[in-house]
Each structure stands twice: as C-alpha cells, then as structure tokens.
Amino acid sequence: MIELKRSVRNLKPYFVNQVPYRVKMDANETKNYLLDQEALFEKIEANIYPDSDATVLRQKMADYYGCGQNNIMVGNGSSDMINLVINGFCETDDSVLSFTPSFSMYETYCDMAGARLVKLGSNGDFSVELDELIDKAREIMPKIVIICNPNNPTGYYIEKKDVIRALDQIKDSIIILDEAYIDFGGESCVDLVDQYENLIVMRTLSKAFGLAALRVGCMITNEAMVNKLWAIKSPYNLNAISQYYGTMALDRSSEVTAFVEEIAIHREKLAAKLKALDFEVYPSKANFIFVKHNRHDLFEQLCERGILIRKMPMGQVSYYRISVGTLEENEILIKELEEIL
Ligand SMILES: *Cc1c(COP(=O)(O)O)cnc(C)c1O
C-alpha cells in the first residue's frame, strides 16, 4: 500500500456520530425555517455546470454582509474556504497560531499543508488573552493567525474593539477570523476587510440560516486577496442547488433576526436549567452551550435515550457541547438529564 504523506498519515477521520436519534444537539445545526423543503430541485439545469463565479449568490451575500461582491469567494461550506487559505499560504513547516480549544478542523487543514498549528491555551473559564496572542505572533511569526469568534466549542465571544487591537498589532500574518456563529448576536468585522489587507473573514449559512446540508459558506476579504486566491479555487466549487437555495434563503434574511433572538432566549433558559443540574455553564454568544459536569458518562447515557450531544473530554475533566434546540427539544434534554442524574 502506498501511504499518505507523513504530515497526514496518522490523522483520524472526523468523527460523526451516526446513530438513530430523537433529538440532535451535537453539531450546532438549527431548524430549517427559510426554505420550503417541497420546492427543492425545481429550476436546476442538471446538465449544465453551475456558475463558477456564483455571481447571483455573491451579490445577495454582498447585500446581506454589507460588502462588495468582489470581496467574496464562496465555497462548499466555509470549511472549504479555511482549507483553501491555509493550503494556499502555508509552506511545509510554516506555523499557524490559534487559541485552544477551538474548531478541530484547523489542525487537519494545517496537517494537510504540512504546517504546524501552535495552540495558545485559554484561561480556566475559557476566556482568552488577546495580548498573549499578539505577543506569541511577534515571537513565532506565524504565516496565519486564526481567531474563531464566537469560539467553537466554548462560545466565548471577543469584543470587536479587542479584535481590532489584534488587527492593529499583527501585521505580518494572514488573519483568518472565523465568524461561523457571529449571526447569533456578535458584532462582525466584515466592514474592516478593506482596512486590513491581511484580514479574511469566514461566514457560513450552515448555522444561523439553518442550511448545513447545502454547504454554503464564504470568505470575505479585500479584492486583491480574493483575486490572488481565485487562482487556486476549484472551478465550479459550489453546486447549482446550493447556489440557488443559498440565494433564496438570503432573500429571506430578515427572518434571521427574529430566529437568532429566539435562540438566545432558549439558550439562556437552557443554561439556567443546566446550572440547576450542577453543570458548570460557560457564557456563550452562539447557538450552543459549553458545559462541565462531574459525571463522565452523560454522552453515553443520553445517546442511549436518543439524544445526541458532543463530548469533549480534556484530561480527566468531562466537558460537553450542547446545541440549543427548539423549546421541545430542550425540554426533552432536561427531562432525560433529570432522570439520569
Ligand atoms: C460550523 C463551523 C464552520 C463551518 O461550517 P461550514 O458548514 O463548513 O460552513 C466553520 N467554523 C466553525 C468554528 C464552525 O463551527
């Protein structure tokens, strides 16, 4: 057997829990409230390649995100775009700097590029010190700095003025600002992409727009950067169905505001109930809650009862990430937890 290259040889496949479930709270999905499921598949010319430039979708995104169409490149989920940037910029042995814990795919993409992900620890409460990030960037001169805001899995949110402080200090690295969850109430930095030539913001329709199955994500950056990266983008990298329905969902973006407000209310209610069940709950600005509990078997116990959450053990300590569901789903979770505990 011919082996994969050394930098990726020992990677484990991304784990997706494929068991039957009643309630799915393990992948930060939301309900689909923007598309008429029945209408799927009309109007797609299956024999014709999709628009390689995704012109219509990018124009709609530009309207929604408040930037120019030429500031946007769309991809097969924003993961695809994160991969493109890391692999486009990193030579073998370059370093990439990010906080930990954070989105696990950053490391996989670094490994694919042969780059080294340097992880800067968070505080005990999972807040982070941007000054440490700035100092570390000065010290190791990474090719890329990745800031996930709000952070997955912790939900920790960095205020915009602090992100700006980092942007003002880190000039010699590309800065990927992963805003997959910013729609849930944080302040986006998309408006800064023309001011900072090294800033690339990642956005997605997978979370607040409830379109995870369609894989519509994008990067937003200055035009020169888009043009540079266009040369390594696969042609037709976003299929016609996703382009079409992504556009339709953006037409209804006014409904997103109400939806994210609803999620925030459910999140705080759920957090209060989890606290009452002896969970340590970390503050979150996203559609999930990061928690700690002294029971180590909650993932397995809930799984048996048809409820999927994400377990994230760190050392001997059991942390869990729970996506905020609908009112009914959250109630089912709490009821089952009450029985287990
Ligand atoms: C979900 C997620 C993404 C991207 O999701 P796509 O479906 O690929 O757009 C990116 N970053 C973080 C931190 C996420 O949690």
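Everything here concerns the structure above.
Residues numbered from 1 in each chain as written. Predicted model: local features only at pLDDT ≥ 70, side-chain atom pairs only at ≥ 80, totals over all residues. Heavy atoms only, no water.

> Quick question: what am I supposed to make of the sheet that holds strand β7 (residues 199–204) here?
Hydrogen bonds along the backbone pair up the strands of a sheet, which may run parallel or antiparallel. Spatially, β2-β8-β7-β6-β5-β3-β4 is the arrangement adopted by the seven strands of the open sheet, whose pairing is mixed. Across the chains shown, the open sheet's two edge strands, defined by having one partner strand only, are β2 (72–76) and β4 (116–121). Here the average twist between neighbouring strands, direction ignored, is 25 degrees. With six bridges connecting them, strand β3 (residues 95–100) and β4 associate as parallel partners. In the sheet register, V96 faces β4, and the bridge partner there is L117. Against the sheet, helix α6 (residues 223–230) contacts β2, β6 (174–178), β7 and β8 (216–220), and its axis sits at roughly 40 degrees relative to β2. (Pairing = 2+ DSSP bridges. Helix = DSSP H or I, 4+ residues; strand = E, 2+ residues; numbered from the N terminus. Axes fitted to C-alpha atoms, helices over the stretch in contact; angles between N-to-C directions. Contact = heavy atoms within 4.5 Å.)

> Would you mind showing me how to read the pattern of salt bridges here?
Inspection of every chain in the model, using the stated rule, returns 22 salt bridges. Put simply, R267 and E268 hold a salt bridge, and the shortest N to O gap is 2.8 Å. Salt bridges here are not isolated pairs; linked through shared partners, they connect R22, R305, E336 and E339. (Salt bridge = Lys/Arg side-chain N within 4 Å of Asp/Glu carboxyl O.)

> Is there a simple way to think about helix α7 (residues 240–251) in this case?
Spacing of three or four residues puts side chains on the same side of an α-helix, whose turn is 3.6 residues. Between its terminal C-alpha atoms α7 stretches 17 Å, which fits the 16 Å expected from twelve residues at 1.5 Å a residue. When α7 is considered as a whole, its buried residues turn out to be S242, Q243, Y245, G246, T247, A249 and L250. Contact partners of the buried residues in α7: α1 (55–65) and β8. Between a side-chain oxygen at the N-terminus of α7 and the backbone nitrogen of I241 the separation is 2.9 Å; the capping residue is N239. (Expected span 1.5 Å × (residues − 1). Buried < 20%, exposed > 50% of the residue type's maximum accessible area, 1.4 Å probe, protein only. Polar contact = N/O pair within 3.5 Å; in protein donor to acceptor, adjacent residues only side chain to side chain.)

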